[in-house]
Amino acid sequence: MDISCASVVVLQTLTQASSQDTAVLKPAEEQLKQWETQPGFYSTLLNIFTNHALDVNVRWLAVLYFKNGIDRYWRRIAPHAISEEEKSSLRAGLIANFNEPVNQIATQIGVLIAKVARLDCPRHWPELIPTLLESVKVQDDLRQHRALLAFYHVTKTLSSKKLIADKKLFQDLASGIYNFACSLWNHHTDTFLQQIYTGDAAAINSLERTSLSLKVLRKLTVHGFVEPHKNLEVMEFLSAVFERLKQFLECRKYIYGRQVNPESTCCEKLEKTIILFTKVLLDFLDYHPFSFIGLIQRSLEFAVSYIFTGAGDGVVFERFIVQCMNLIKMIVKNDAYKPTKKTEENKPETLEAHKIKLCFFNYSTLTEICRRLVSQYFLLTPEELSMWEEDPEGFAVEEAGGDSYKYSLRPCTEVLFLDIFHEYSQTLTPVLLEMVQNLHGPSDVDNTVDLVIKDAVYNAVGLAAYELFDSVDFDQWFKNHLLAELQVTHIRYKLIRRRVIWLIGQWISVKFKSELRPLLYEAILNLMQDQDRVVRIETATTLKLAVDDFEFRTEQFVPYLENIFSLLFHLLQEVTECDTKMHVLHVISCVIERVGMQIRPYVGCLVQYLPLLWKQSEDHNMLRCAILTTLIHLVQGLGADSRNLYPFLLPIIQLSTDVSQPPHVYLLEDGLELWLVTLENSPSITPELLGIFQNMSALLELGSENVRTCFQIINAYIFLTSSEFLQNFADVLCQSFCELMQDITTEGQVQILKVVENVLKVNPVLGPQIFQPLLPSVLKGILDGEKYPVVMSTYLGITGRVLLQNAGFFSSLLNQIALDLSQEMDQILGSIIEMWVDRMDNITQPERRKLSALALLSLLPSENSLIQDKFCGIINICVEALHDVLSEDPDTGTYKDCMVMSHFEEQKVSEDEEPPTEQDRRKKLLALKDPVHSVSLQQFVYEKLKAQQELLGEQGFQSLIESVDTEVIRQLQGFLQKL
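For the structure given in this document, a descriptive report is provided here.

How each quantity is defined
- What you see as residue numbers is a count from 1 along each chain, following the sequence as written.
- Reporting of local features is limited, given that this is a predicted model, to residues whose pLDDT is at least 70; pairs of side-chain atoms are given and counted only at 80 or more, and all residues count toward the totals for whole chains, interfaces and linings.
- Side-chain metrics in this entry use all non-hydrogen atoms of the structure; hydrogen atoms and water are not considered.
- Per the convention used, a helix needs a DSSP run of H or I reaching at least four residues, while a strand needs a run of E reaching at least two, with both numbered from the N terminus.
- C-alpha atoms define the radius of gyration in this analysis, and the globule rule sets the expected value at 2.2 Å times the number of residues to the power 0.38.
- Working rule for contacts: check all heavy atoms of both residues, and any pair within 4.5 Å makes them a contact.
- The protein chains shown are the only cover counted for residues, whose accessible areas, like all others here, come from Shrake-Rupley with a 1.4 Å probe.
- Space inside and on the surface of the protein is sampled on a 1 Å grid over the protein atoms alone, with a cavity defined as a set of points where a 1.4 Å probe fits but cannot get out and a pocket as an open set with protein on both sides within 12 Å along at least 5 of 7 lines; lining residues have an atom within 4 Å of a point.
- Grid points are joined across faces, edges and corners, and a volume is the space filled by probe spheres set on the points.
- When residues are grouped by polarity, Ala, Val, Leu, Ile, Met, Phe, Trp, Tyr, Cys and Pro land in nonpolar, Asp, Glu, Lys and Arg in charged, and all others, Gly among them, in polar.
- A carboxyl oxygen of Asp or Glu within 4 Å of a side-chain nitrogen of Lys or Arg is what we treat as a salt bridge.
- By nonpolar core we mean a set of buried residues, namely Ala, Val, Leu, Ile, Met, Phe, Trp, Tyr and Cys, connected to one another through side-chain atoms within 4.5 Å.
- With a 1.4 Å probe rolled over the protein chains alone, any residue whose accessible area is under 20% of its type maximum counts as buried; one over 50% counts as exposed, and the rest are partly exposed.
- Count a disulfide wherever a pair of cysteine sulfur atoms falls within 2.5 Å.
- Angles shown run from 0 to 180 degrees and are taken between the N-to-C directions of axes, each axis being a line fitted to C-alpha atoms and, for helices, limited to the stretch in contact.
- We call two directions roughly parallel when the angle between them is under 35 degrees, roughly antiparallel when it is over 145, roughly perpendicular when it lies between 65 and 115, and oblique otherwise.
- Each crossing gets its handedness from the near helix: less than a right angle anticlockwise from the far helix is left-handed, clockwise is right-handed.
- By definition here, a helix of n residues has an expected span of 1.5 Å times n minus one.
- For the purposes of these results, a polar contact is taken to be a pair of N or O atoms within 3.5 Å, where, inside protein, one atom must be able to donate a hydrogen and its partner to accept one; residues adjacent in sequence count only when each atom of the pair is a side-chain atom.
- When two rings of Phe, Tyr or Trp (its six-membered ring) have centres within 6.5 Å they constitute a pair, described as stacked for plane angles under 30 degrees, edge-to-face for angles over 60, and tilted for the intermediate range.
- Placement of a charge over a ring requires the Lys NZ or Arg CZ to be within 6 Å of the ring centre, with the centre-to-atom vector within 35 degrees of the ring normal.
- Counting rule applied: Lys, Arg positive; Asp, Glu negative; His and chain ends not counted.
- Bending is quantified residue by residue as the angle between axes fitted to the seven-residue window ending at that residue and the seven-residue window starting at it.
- Residues enter patches when they are more than 30% accessible in relative terms and free of salt bridges; like-charged ones are connected within 9 Å and nonpolar ones (Val, Leu, Ile, Met, Phe, Trp, Tyr) within 5 Å.

1. Things to note about the overall build of the protein
Right, on to step 1. Helix and strand counts for the protein stand at 48 helices and two strands.
Right, on to step 2. For 979 residues, the compact-globule formula gives about 30 Å, and the C-alpha radius of gyration of the protein, at 39 Å, lies well above that figure.
Right, on to step 3. Oriented by its inertia axes, the alpha-carbon framework of the protein measures out at about 120 × 85 × 70 Å.
Right, on to step 4. Long-range pairs, those at least 24 residues apart, make up 73% of the contacts in the protein with a sequence separation of at least 6.
Right, on to step 5. In the form shown here, the protein has an accessible surface area of approximately 44300 Å², with 50% of it arising from carbon and sulfur atoms.

2. A word on empty space enclosed by the protein
Right, on to step 1. Counting across every chain of the model gives two cavities of 30 Å³ or more.
Right, on to step 2. Of the voids in this model, the largest cavity is the one considered here, and its volume is about 40 Å³.
Right, on to step 3. Residue lining of the largest cavity: Leu245, Thr278, Leu281, Leu282, Phe302, Gln323, Cys324 and Leu327, and that is the complete set.
Right, on to step 4. For the lining of the largest cavity, the elements supplying multiple residues, two or more each, are helix H12 (265–287) and helix H14 (318–333).
Right, on to step 5. Grouping the constituent residues of the lining of the largest cavity by class yields six nonpolar, two polar and no charged.
Right, on to step 6. Looking at the second largest cavity, its volume works out to about 30 Å³.
Right, on to step 7. Together, Leu775, Val778, Leu779, Ile798, Thr799, Val802, Phe810 and Leu813 line the second largest cavity.

3. Details of the pattern of salt bridges
Right, on to step 1. A complete count under the given rule lists 48 salt bridges for this structure.
Right, on to step 2. In this structure, Arg91 and Asp120 form a salt bridge, with 2.6 Å as the shortest nitrogen-oxygen distance. Of this pair, Arg91 sits in helix H5 (residues 84–94) while Asp120 sits in helix H6 (residues 103–120), and the two are 29 residues apart along the sequence.
Right, on to step 3. Where salt bridges share partners, they join Glu384, Glu399, Arg410, Asp455, Arg498, Arg499 and Glu538 into one cluster.

4. Looking at the nonpolar core
Within soluble globular proteins, side chains that are nonpolar tend to cluster in buried spots.
Right, on to step 1. Counting residues in each nonpolar core, the largest one holds 341 residues, and the members touching the most others are Ile328, Phe417, Ile504, Trp675, Ile714, Tyr717 and Phe737.
Right, on to step 2. Ignoring any residue separated from it by four or fewer positions in sequence, one finds Ile504 in contact with Phe474, Phe478, Leu482, Leu486, Phe512 and Leu520.

5. Remarks on the state of the cysteines
Right, on to step 1. Enumeration over the complete set of coordinates arrives at zero disulfides.
Right, on to step 2. The thiol of Cys251 is not disulfide-bonded; the next cysteine sulfur, from Cys266, is found 6.8 Å away.
Right, on to step 3. A residue is classified by how much of its surface remains accessible, and Cys251, at 0% relative accessible area, is buried.
Right, on to step 4. With no disulfide of its own, Cys266 lies 5.8 Å from the sulfur of Cys267, the closest cysteine sulfur.

6. A short note on the packing of helix H23 (residues 474–486) against helix H24 (residues 494–508)
Right, on to step 1. Closest axis-to-axis distance for the H23/H24 pair is 10 Å, and the angle between their directions is 155°. The angle between H23 and H24 places the two elements in the roughly antiparallel class. Crossing angle aside, the handedness with which H23 passes H24 is left-handed. Contacts between H23 and H24 involve Phe474, Trp477, Phe478, Leu482, Glu485 and Leu486 from the first element and Ile496, Arg497, Val500, Ile501, Leu503, Ile504 and Trp507 from the second.
Right, on to step 2. Among the residues forming the contact of H23 with H24, the class breakdown is eleven nonpolar, no polar and two charged.

7. Notes on helix H11 (residues 232–257)
Right, on to step 1. Compared with the 38 Å implied by 1.5 Å per residue over 26 residues, the 38 Å span of H11 between its first and last C-alpha is a close match.
Right, on to step 2. The opening residue of H11, the one whose side-chain oxygen lies 3.0 Å from the backbone nitrogen of Glu233, is Asn231.

8. Examining the packing of aromatic side chains
Right, on to step 1. This structure, assessed with the given rule, holds 42 aromatic pairs.
Right, on to step 2. Each ring, one from Tyr197 and one from Tyr254, has its centre 4.8 Å from the other, and the planes form 55°; the classification is tilted. Note that Tyr197 is positioned in helix H9 (residues 164–198) and Tyr254 in helix H11, a separation of 57 residues in sequence.
Right, on to step 3. Taking relative accessible area as the criterion, Tyr197 reaches 40% and is therefore assigned partly exposed.
Right, on to step 4. For Tyr254, a relative accessible area of 28% translates into the label partly exposed.
Right, on to step 5. Grouping aromatic residues by their ring pairs yields a cluster made of Tyr178, Trp185, Phe192, Phe225, Phe237, Phe248 and Phe277.
Right, on to step 6. Sitting over the face of the ring of Tyr152, Lys215 holds its NZ or CZ atom 5.3 Å from the ring centroid.
Right, on to step 7. Sitting over the ring of Phe469, Lys511 keeps its end group 4.8 Å from the ring centre.

9. Some points on the environment of Val457
Right, on to step 1. Assignment of secondary structure puts Val457 in helix H22 (residues 448–463).
Right, on to step 2. Ignoring any residue separated from it by four or fewer positions in sequence, one finds Val457 in contact with Val374, Met435, Val436 and Leu439.

10. Quick notes on unusual backbone geometry
Leaving glycine aside, a negative phi is the common case for residues, and trans is the common case for peptide bonds.
Right, on to step 1. In this structure, Pro122 follows Cys121 across a cis peptide bond, with omega equal to 0°.
Right, on to step 2. For Pro122, the position within the fold is in the loop between H6 and helix H7 (128–135).
Right, on to step 3. In this chain, Leu860 is followed by Pro861 through a cis amide linkage whose omega measures -5°.
Right, on to step 4. If you trace the backbone, Pro861 turns up in the loop between helix H42 (846–857) and helix H43 (865–869).
Right, on to step 5. Phi at Ser822 is positive, roughly 55°, even though this residue is not glycine.
Right, on to step 6. With respect to the helices, strands and loops of the structure, Ser822 is situated in the loop between helix H40 (807–821) and helix H41 (825–838).
Right, on to step 7. We classify Ser822 as exposed; its relative accessible area is 68%.

11. A short note on the side chain of Lys219
Right, on to step 1. Along the polypeptide, Lys219 turns up in helix H10 (residues 203–223).
Right, on to step 2. Notably, Lys219 is buried but unbridged: the nearest opposite-charge side chain belongs to Asp283, and the N-O separation is 5.4 Å.
Right, on to step 3. Excluding residues that lie within four positions of it along the chain, Lys219 makes contacts with Thr155, Lys156, Ser159, Phe170 and Gly224.

12. A closer look at H23
Right, on to step 1. For H23, spanning 13 residues, the distance from its first C-alpha to its last is only 15 Å, which falls clearly below the expected 18 Å at 1.5 Å a residue.
Right, on to step 2. Of all the bends in H23, the greatest, near 35°, is centred on Asn480.
Right, on to step 3. Buried positions along H23 lie against helix H21 (425–437), H22, H24 and helix H25 (517–527).

13. Details of the environment of His145
Right, on to step 1. When you line up the elements, His145 lands in helix H8 (residues 141–159).
Right, on to step 2. On a C-alpha basis, the gap between His145 and Phe98 in space is 8.3 Å, while along the polypeptide they are 47 residues apart.
Right, on to step 3. Leaving out residues up to four positions away in the same chain, His145 has contacts with Glu208, Arg209 and Leu212.

14. Let's talk about the packing of H22 against H24
Helix-helix packing: each pair is described by the crossing angle between the helix axes and the interaxial distance.
Right, on to step 1. Look at H22 against H24: their axes get within 9 Å of each other, and the N-to-C directions meet at 5°. Taken together, H22 and H24 sit at an angle that is classed as roughly parallel. Contacts from Leu451, Val452, Lys454, Asp455, Tyr458, Asn459, Val461, Gly462 and Leu463 of H22 reach H24 at Leu495, Ile496, Arg498, Arg499, Val500, Trp502, Leu503, Gln506 and Trp507.
Right, on to step 2. Its residues assigned to classes, the contact of H22 with H24 comprises eleven nonpolar, three polar and four charged.

15. Observations regarding a nonpolar patch on the surface
Right, on to step 1. Where nonpolar side chains cluster on the molecular surface, the patch consists of Met622, Val665 and Tyr666 and spans about 330 Å² of accessible area.
Right, on to step 2. Positionally, Tyr666 belongs in helix H32 (residues 664–680).
Right, on to step 3. Exposure remark for Tyr666: the relative accessible area of 47% places this residue in the partly exposed category.

Shown next as structure tokens:
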């Protein structure tokens, strides 16, 4: 590409590609794509985006195409790689002039330089670093800033390389430029501080340079040294960080004191730089805990003084407090600073760090931190209290961990409290219990301060529940004090009612006697009628924790079930926020799941309301997921009665599992689970339920992690209505399976084969014909000695079914294999029996072991010499199976086949067990017809051997018997004598 000629054409095409008109834009994009591999194209782009006279949008697009080109074509081994000559020219052009006037483009150029540096520096681009170092010294503000920006991106990129050789190169670089980087940072920092106090407007530019140089130092310090504590310059810089932090905090205080707009760019950048200082310390601690030991004392003194004493008044701000708390937390929790019980295994550095922590965290310091955390940082703010009044649902969502809550100060405070309390529980437990004791008894409803403090203290006791296990008799506290707090109905006492029910929820799984549950359910019933919505939502949360606990007893809860469920339903109708509806639905689902069938009398209103809620939630897929979960538990609780829900239920399943519908991305997993439980609990098939199966082919093609559930659904259809199901979908199913078997995991193959096995079990006549295309590969798999035991076991199970229940089809199948392999049928059969005997140990399920014995015995009586040759192996399998299935009656001395089922018995279930589904009953009724469960193996062996004896005569039969090991014959006779 001739650059001089091409520039005009490429410029015109880039202009068209930045158009809003798709008719103009699309052809231009196609043209640019074709040019990507043309020599000279990237030189043309460089000329365009470095020409400041051109349109900004066009230059921006040129930069982006250049960046894509680096990713795709810069490496020498890449297809259509940029030539070395052009790359050399491009490298020189990128660092020729640091004078880009547009910030966004300047940043992108810095990224471009860093991307090339990652691949070429220092080997093919040795001049890069010297050029950058020289450029950041120039007096021109713009050039200096742009060079510093590129310097930062290069440093950031090179520091991220993980190979040992690359790390060594970066360490060499760091050693060579560290002193210069420190000087640069100090210069810009001093300049900024001088300018800000003199009111110089250039201060904000100096602050930008300070920040960039600090970012460079952060990467050099953290990634540029193996043992940074041995480098004097590094430790001097880190020591200076504390002093500079203090200067910048005072600077911020000065700016605010002058009533400069806190939202101004300068204030915002200043706070970001302060946070950057703390990130230097946090990163260094994270990557070099032992090198940080010399900074532990100073870090703790600095952080604690600013956030737990008056030194921080009017100085600190929320993000800075969070960073200081993170610094304390990382020091407290750091495993490198925790000695083990075996003293000889501890490093001297660990012992030193531990000693520093012990000296710092003395009783008075810990007490002050604990009290301040609870009484200052745990307090509900006026803004939060206003939100409670104006938007109770929004408040409840945030308190439960909403997005803005996650990034606010409170959760960080709570985590620090827990970490310190865990580490120093012996010291802090009495302190916290004293705070509780000082708040004994109901508080004055007119004293908001006392109410907020009690809320904070109870919050601390709830968070530290596991640590306080041995120190608090929670059962007594609940009976004697907390229940009384819940009974104070004044509107302003809602803070305490809400906090107390939350507190109980935290202790339920820690220490709460089972016999107190009725008292709790009574309290929950009362609070679910509270006039405050936040209290009701929090009560619903505690209810979920109570019923989801392993100590839950249904009989204790049932007396309250009707009223509580009714109140939950009313709360679901009342709340308006999507997140709150989801939360209440999860509680309802949990209750339904735990009480099972006992929910049936009380779900009428919910069943009527859910269709309306589903319609209202059309744009809220996560709420629809919660509805699906509720329906899953509802169907399980209703059992066969869930059929009444079909007009609403089946269209939901249809939509949720249709991959052509956009919502399936969110709804598919829960939709499949609902589909499955609906089938399992269905008393009979309906045309609509059968019709949903049209979604299955696309689901199997999708091949997602939900494919196991898909196979369970297919099996459920087979057990529910094999004839109708196979009549409608046999061809489609077989085709899908044939395609899947070519490209699926071993586990997936087993799932497919199990479906085939179930079809053969349900319909032994039609089943083999349906899956005729698959069955030859099963027999060939046996002949080839399939190496995976689970797959071989399933192959033998399928073969056993066909052989035992459809001998005619088995014979035709053998004939087909014999033709395919150009062998005799007897030869094929003999090989299969040999492999069967050899791989019997692969079959671990007793049912399949018995099936193998029945199937092979079905070949008798026979005059076929091949079968007589395999007689020994057949008898060996039979004796093994007899050992598996026969149990001896000690009274009569006779044997009984324990797998034989004579009649259907309704399963008795305990309270903790799931009641049998309609599908469980169908499987039991099917088992009554299954030879495995309807034929006595002992009797079958006797009859087959007797028939063989009659066919061959005594002498011929005796000859067969003599081919079997005498010990096996002895065991066989023992089983048959006790018929």
